[in-house]
Every structure is written in C-alpha cells, then in structure tokens.
Amino acid sequence: MTAGRVEPDEAATVVSRPVVRVGAPTERRNPDSADLDLMSTRDVLTVINDADRRVPAVVAAVLDEIAATVDLAVAALRGGHRVHYFGAGTSGRLGVLDAAELAPTFNSPRDWFCAHLAGGPDAMWRAVEDAEDDERGGAAEAAECVRPGDLVVGLAASGRTPYVLGALAAARAQGAATVLLCANPEAQAASSVDVFIGVDTGPEVVTGSTRMKAGTAQKLVLNSFSTAVMVRLGRVYSNLMIDMVATNAKLRGRMISILMEATNCSEEICRRALHEAAGDLKTALVSLVSGAEVSAARAALARSAHQVRGALALLAS
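Keep in mind it's a predicted model, so treat the numbers as computed, not measured. (Residues numbered from 1 in each chain as written. Predicted model: local features only at pLDDT ≥ 70, side-chain atom pairs only at ≥ 80, totals over all residues. Heavy atoms only, no water.)

Before going further, it helps to examine the packing of helix H4 (residues 63-78) against helix H8 (residues 213-232). It is at 9 Å that the axes of H4 and H8 come closest, and there the two elements cross at 45 degrees. Judged by the inter-axis angle, H4 sits oblique to H8. Considering only the axes of H4 and H8, their crossing is right-handed. Residue-level inspection shows Ile66, Thr69, Val70, Ala73, Val74, Leu77 and Arg78 of H4 in contact with H8, the latter providing Val221, Ser224, Phe225, Ala228, Val229 and Arg232. For the contact of H4 with H8, the per-class residue count stands at 9 nonpolar, 2 polar and 2 charged. (Axes fitted to C-alpha atoms, helices over the stretch in contact; angles between N-to-C directions. Helix = DSSP H or I, 4+ residues; strand = E, 2+ residues; numbered from the N terminus. Parallel < 35°, antiparallel > 145°, perpendicular 65-115°, else oblique. Left-handed = near helix turned anticlockwise from the far one by under 90°. Contact = heavy atoms within 4.5 Å. Nonpolar A, V, L, I, M, F, W, Y, C, P; charged D, E, K, R; others polar.)

This paragraph deals with the packing of aromatic side chains. Applying the stated criterion to the full structure yields 4 aromatic pairs. Summarising the aromatic geometry, the rings of Tyr85 and Phe225 are spaced 6.5 Å apart at their centres and angled 55 degrees between planes, so their arrangement reads as tilted. Placement of the pair is Tyr85 in strand S1 (residues 83-87) and Phe225 in helix H8, with a sequence separation of 140 residues. On the accessibility criterion, Tyr85 (1% relative accessible area) is buried. A residue is classified by how much of its surface remains accessible, and Phe225, at 3% relative accessible area, is buried. Measuring from centroid to centroid gives 6.2 Å for Phe86 and Tyr163, while their planes differ by 50 degrees, and the two rings are tilted. Here Tyr163 lies in helix H7 (residues 162-174) and Phe86 lies in strand S1, a separation of 77 residues in the sequence. Under the relative-accessibility criterion, Phe86 is labelled buried at 0%. Grouped by ring-pair contacts, the aromatic residues Tyr85, Phe113 and Phe225 constitute a single cluster. (Phe/Tyr/Trp six-rings, centres within 6.5 Å; stacked < 30°, edge-to-face > 60°. Buried < 20%, exposed > 50% of the residue type's maximum accessible area, 1.4 Å probe, protein only.)

Here the focus is the layout of surface pockets. Here the largest pocket is characterised by a volume of approximately 770 Å³. Forming the walls of the largest pocket are 31 residues, and the residues nearest its centre are Ala88, Glu132, Asp133, Arg160 and Thr161. Residues of the lining of the largest pocket, tallied by class, amount to 13 nonpolar, 9 polar and 9 charged. In this structure, the second largest pocket spans a volume of roughly 260 Å³. What lines the second largest pocket is a set of 16 residues, among which Asn107, Asp243, Asp280, Leu281 and Lys282 lie closest to the centre. For the lining of the second largest pocket, the secondary-structure elements that each account for two or more residues are helix H11 (281-290) and helix H12 (294-303). When its residues are assigned to classes, the lining of the second largest pocket shows 7 nonpolar, 4 polar and 5 charged. (1 Å grid on protein atoms, 1.4 Å probe; cavity = no way out; pocket = protein on both sides within 12 Å on 5 of 7 lines; lining within 4 Å. Points joined across faces, edges and corners; volume = space filled by probe spheres on them.)

Right, let's get into H12. Residues of H12 that are buried: Val294, Ala297, Ala300 and Leu301. Seen end-on, H12 carries its buried residues on one side only, within an arc spanning 125 degrees. The exposed set on the far side of H12, more than 90 degrees from its buried face, consists of Ser295, Ala302 and Arg303. Tucked into the core, H12 has its buried residues touching helix H10 (267-276), H11 and helix H13 (308-316). Backbone geometry just downstream of H12 places Ala305 in the positive-phi region, at approximately 55 degrees. (Arc of directions from axis to C-beta.)

One non-glycine residue, Ala278, adopts positive backbone phi at about 55 degrees. With respect to the helices, strands and loops of the structure, Ala278 is situated in the loop between H10 and H11. For Ala278, a relative accessible area of 70% puts it in the exposed group. Positive phi, close to 65 degrees, is recorded for His306, a residue that is not glycine. Overall, the relative accessible area of 46% leaves His306 in the partly exposed class.

Purely geometric numbers; function is a separate question.
Next comes the structure, spelled out in structure tokens:
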C-alpha cells in the first residue's frame, strides 16, 4: 500500500465489514466551519475557540446529574466498593487519564477508580479494530470485575457505543449503580441507567471528531466529578491538597507551602512538624492546628477515618 492510497483488496475488505451510520449530534455538520479548509490559520483557530467557549455552559446545565453521580461514588467508596470507567476511543482515553491522575494528586487507593478501555492498553496509542463494537466484550469485562455496590460510569460521545452499553448492562445485572456520560442528550440508553449525563455540545468543528467539544466537555465533567468525590471523602482541607504524594522537589516544596497556608505557621515550624510526622502532611496539619502532639494527631486521624476536620473535632472535645 502506498501512502494516501487504499489498495483494491483492502478497499474490498473495508466495504464488506458491518457499517453503522450514527445519527448523534456529534456526527452532524457544523455550519460555522463549513469553509474551514479555505480559512486562514488565524480564522481556523478562531472558529475552534468560539466553539470551545460554549462547552462550559452546556456542562453547567448538567450539574445536578453530576452531583447525583458524585453522591453515588462517595457512597460506593465509603462502603468499600469501587468506581469503574468504561469507554472507547477518545472517551475511554479520557477516562484512563482521569483515573490515573487521582492517586498522585489525592493519594487515593489505586483500586478506587478502575478505567477500562475498549481494545485494552494498546488502544491508548492506536485504534484497535472493531473494539468499540464488541458489546459482548464489554459485558464480559464488567461481569468479571464489577461487584454489587460498585459504581460504573459509561463514557460514549454518541451514547450508543456497544462496548460501553454492554458493560453497563452487565454492571446492572451485577447489582452496581450505573451512569452514562455522553454528548447526545437524546441517547436511547438514557432510560436504562441510574443517572444520565447528556451534555449538549452539538456538531463538532471537524465533523465527527469527538476529541474536540465532546472530549472537552467530558474532561470537564470527569475533572469536576472526581475532584468533588475526593473533597467529599476528606482528601481536601479548605481548598488545599492534603493527601498529595510528594514524589519530586517541587511537590515537597508544595507540601510545606500547603502547611504554611493552612496553619499560618512559619516555614521553619512547618518543616519541623513535617519531620516529626515522618512526612505525613495530614498528621502535621492536625498537630499544628490543634496544638496536639504528633502521636495524638495521628490517633485522632485514625479514629476519624483520616478526615482532618473530624480529627480536629475529636481533639477539641
């Protein structure tokens, strides 16, 4: 095969495979970008930017649904269960990204959020043929790892991806709560999940390219969802990351800055408190705010499920 050309045998193979024409809003043409290939570079960027600016507003329209999903996740995690993302293509990759960032940012247990991508790890870097069409594969993967009490969030821009819908159906059968996040407010699957988040991003600047507005909306929803879950679970104090993992010099410096911000103590005092707490930011924080010894702060955190405000209340009583 030569670059830019499809050989006859390959073309025959392509046209003989199953075909689905999707009617989701993300597949429609955007009249604002009809002459995209004739525009100047600056004008192309302006059209893209104008479209992107509409995304936060449509995400704001589904905050109630996102809040309901947060509550389901918090209940699941507090009950010793897990949150699963099932997605394909761009949607699945964004799910993997969100799940991967939670442990280093909030020091969350690695099994709290599990990301499942149609086609497996290789699909992060290349398209895996027909993986998203594998409804049975999604169902089998969910049946194998999802347990009663878990929360399963399906990620599908069109709202109809077979791998995702198969996983959601199997998750429901397992006794898990289910959520569908998509860019198709009229998706038929809306009635078959506990929470439906249909973000109305409309047609893409490049028709069908859901890595654009639909992907931006999904990133905003997942960021706000998972961050709110971490806040509700006590992994943020005020607006400070108190469970972060200090894996480099910048982050070790951030730990000291966070402690100084939270306690109004000097850098020297905060460094000493961190040292006495063996580098545990939460313990140092509770010790400095309450005036208790490190051992008492550590014990109070253990009694309060490692919630800073709960530990402070125990020490104050």
